[in-house]
Amino acid sequence: MKRIVIITQSVDERSDVLGFFVAWIRALAHRVDHVDVITLAKGAYSLPSNVSVYSLGKERGVSKLVQIFRYLILTARLIPGSRAVLAHMSPIFAITAWPWTLFSKTKLLLWYLHRSVTTRLRLALFLSDALITADARSLRITSSKIVSVGHGISIPDVPRARDEHEGLHIISVARITPLKRINRIIEASLQLMREGISHTLRVVGSPMMPSDEQYARSIHARAQHAAHIEWAGSVPHNEIAAHYAWADIAVNLAPRGGLDKAVLEAMAYGVLPITTNHIFHDDFGPYAHLLLLDESLPQHAVAERIKQILVLSASEREEMRDYLMRRVRERHSVLGVTARILTCVGL
C-alpha cells in the first residue's frame, strides 16, 4: 500500500500563513492510497476520505508535555509501514521522526524554504534522504540532497476577468515588517496620486511580531489622510483569491531570498508583479526587465515602474499576464510540485 505520513504545524484552510498546505495534502492524497497527517493544531479543512488528521491538541490548549507524549505515540504507530515521511518546514519534525524511519527503512523528506540556517537544519539535512525546496537558490546551504521542485501554488479554475475601466488597483500581500518595505510602497502610491494617477492601494497583511508593531504604526500614520489606501489586515488563505482577482498590479519589495509565494500567487491570478527579488528572473522570462527592480531601490523606482507598465497597451499587458500564468502553472502548480515530491521516493 502506498501510505505516507506528513508532519506539519497546522491543518487549517483559514490560516493566512499555512492555509495553502491543505491543498498540498489534498493533491498528495490523490496520488497515494492513504495519508496520515500529524499536526500541532487543526482547524477548518476539507480533505478526501483517505486522509487521517491527528492533532496534538495545540488548538485546544493542551500542554506541551501532553503534545510531546501524543507525538511520540503517533510517530511510533504511523511511520512503520509507511513509504515516506514528509516533514513540513520544521527541521525538528525530521529529527524526531528519523529513529522510526531508520528502523522501518522509510524515506524521510524535509520540506524547507527559509533564509535561516540553523544547527537543527544541518542535522535534519544529514538525517533526511532529501531536502525538498522550491528553488535551491533560496537556501543558504548547499548539499547534493537538496531537490528543487517548485513552490506549490493553487491555480485558479476560472480565468481572471478584471475590467480595467474599474480603475487601477494595486495590492501588497505581505507581513507588515521592515523587511518587506511596505513604507516604500506607501510612498510610491502617494507619489502616483500627486502626479494625478488615480488608483486604489490595498495592503493585505499585519505585523506578527511585537517588534513589528511600531513599524506598522509608522506606516499607518504616514497614510492616515490617504483615502485611496485600504488596510485589509490578515486575510484567511481561503479568502485571498478575491483580493488577487481585484488587483491589477502587485508590489513585493522583499530582498533577494526565497521564492516569495505572494509573487507566484499574483502571477497565477493574472496580476502583474513588481518585485526586487531577482530570484524570479527566470519565471518572468522576457518581461523581467519590466517586473524586476534594483535591490538598492532608488527613491522613485516603484512609482516609475508602475507608470512604465501603465503606458503599455491593454493587449500588451494581457499578453504579459497570459505568459506569467502559463509560467507559474508549468513550474509551480501544486499538482506538479506534489508529483515531483513523490517522485523523490519512487511513488
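Refer to the structure above for everything that follows.
The following refers to the structure shown. (Residues numbered from 1 in each chain as written. Predicted model: local features only at pLDDT ≥ 70, side-chain atom pairs only at ≥ 80, totals over all residues. Heavy atoms only, no water.)

For the rest of this paragraph, the subject is the sheet that holds strand β11 (residues 249-252). With respect to topology, 5 strands assemble into an open sheet ordered β10-β9-β8-β11-β12, the strand pairing being parallel. The open sheet has two edge strands, β10 (229-233) and β12 (272-275), and neither has a second partner. Pairwise comparison of adjacent strand axes, ignoring direction, gives a mean angle of 25 degrees for this sheet. Where β11 meets β12, 4 bridges bridge the pair, whose relative direction is parallel. When the sheet's bridge partners are listed, valine 251 is paired in β12 with isoleucine 274. (Pairing = 2+ DSSP bridges. Helix = DSSP H or I, 4+ residues; strand = E, 2+ residues; numbered from the N terminus. Axes fitted to C-alpha atoms, helices over the stretch in contact; angles between N-to-C directions.)

Topologically, leucine 125 is positioned in helix α4 (residues 119-127). In the structure, leucine 125 is positioned 16 residues away from isoleucine 141 in sequence and 9.8 Å away in space, judged by C-alpha atoms. Those residues in contact with leucine 125 that sit more than four places away from it in its chain are Leu131, Ile141, Ser143 and Lys145. (Contact = heavy atoms within 4.5 Å.)

Scanning the entire structure with this criterion turns up 8 aromatic pairs. Ring centres of phenylalanine 20 and tryptophan 24 lie 6.0 Å apart, and the angle between their planes is 75 degrees; on these two criteria the pair is classed as edge-to-face. Like tryptophan 24, phenylalanine 20 is buried. Between tyrosine 287 and tyrosine 323, the ring centres sit 5.6 Å apart and the planes meet at 65 degrees, which makes this aromatic pair edge-to-face. Taken together, the residues span a long stretch of sequence, with tyrosine 287 in the loop between α9 (281-284) and α10 (288-291) and tyrosine 323 in helix α12 (residues 314-332) at a distance of 36 residues. Comparing tyrosine 287 with tyrosine 323, the two get one shared label, buried. Above the face of the tryptophan 246 ring, arginine 202 is positioned so that its terminal group lies 3.9 Å from the ring centre. (Phe/Tyr/Trp six-rings, centres within 6.5 Å; stacked < 30°, edge-to-face > 60°. Buried < 20%, exposed > 50% of the residue type's maximum accessible area, 1.4 Å probe, protein only. Lys NZ or Arg CZ within 6 Å of the ring centre and 35° of its normal.)

If you walk across this open sheet you meet the 7 strands as β3-β2-β1-β4-β5-β6-β7, and the pairing is parallel. A single partner strand is all that each edge strand has here, and the edge strands are β3 (51-55) and β7 (146-148). Adjacent strand axes in the sheet meet at a mean angle of 25 degrees when their direction is disregarded. As defined by bridge partners, strand β1 (residues 3-11) adjoins strand β4 (residues 84-88) across 4 bridges and the pair is classed as parallel. Directly across from isoleucine 4, in β4, lies its bridge partner alanine 84. Seen against the sheet, helix α2 (residues 64-78) touches β1, β2 (34-42) and β3 and runs at an angle of roughly 175 degrees to β2. Strands β1, β2, β4 and β5 (107-111) of the sheet are contacted by helix α3 (residues 91-104), whose axis makes an angle of about 180 degrees with β5.

Take the pairing of β3 next. For β3, the buried fraction is high: 5 of the 5 residues fall into the buried class. Across the two faces of β3 the burial is the same, with Val51, Val53 and Ser55 and Ser52 and Tyr54 all buried. When β2 meets β3, the two strands line up parallel, connected through 5 bridges. The residue bridging valine 37 from the neighbouring strand is valine 53, located in β3.

One finds Ile4, Ile6, Ile25, Val35, Ile182 and Phe284 to be the most contacted residues of the largest nonpolar core, which totals 95 residues. Here this core gets 7 residues from one element, more than from any other, and that element is helix α1 (residues 21-29). The contact partners of phenylalanine 284, leaving out residues within four places of it in the chain, are Val263, Met267, Pro273, Thr275, Leu291, Leu292, Tyr323 and Leu324. Val85, Phe93, Leu127 and Leu131 belong to the second-largest nonpolar core, a separate cluster that totals 26 residues. (Core = buried A, V, L, I, M, F, W, Y, C linked by side-chain atoms within 4.5 Å.)

Moving on to the side chain of lysine 307. Among the secondary structure elements, lysine 307 is positioned in helix α11 (residues 301-310). A distance of 2.7 Å separates the side chain of lysine 307 from the side chain of glutamate 195, its partner in a polar contact. Residue contacts for lysine 307: discarding those within four places in its chain leaves Leu192, Glu195 and Ile197. (Polar contact = N/O pair within 3.5 Å; in protein donor to acceptor, adjacent residues only side chain to side chain.)

Turning our attention to the environment of leucine 28. Within the secondary structure layout, leucine 28 lies in helix α1. The buried category is assigned to leucine 28, whose relative accessible area is 1%. Contact partners of leucine 28, with chain neighbours within four places excluded, come to Ile4, Ile6, Val35, Leu86, Thr338 and Leu342.

Let us look at unusual backbone geometry. Negative phi characterises most residues that are not glycine, and trans characterises most peptide bonds. The backbone phi angle of lysine 105 is positive, close to 55 degrees, even though this residue is not glycine. Here lysine 105 shows up in the loop between α3 and β5. Residue classification places lysine 105 among the exposed positions, given a relative accessible area of 78%. Unlike most non-glycine residues, arginine 181 shows phi in positive territory, near 55 degrees. Along the chain, arginine 181 turns up in the loop between β8 (168-173) and α5 (182-194).

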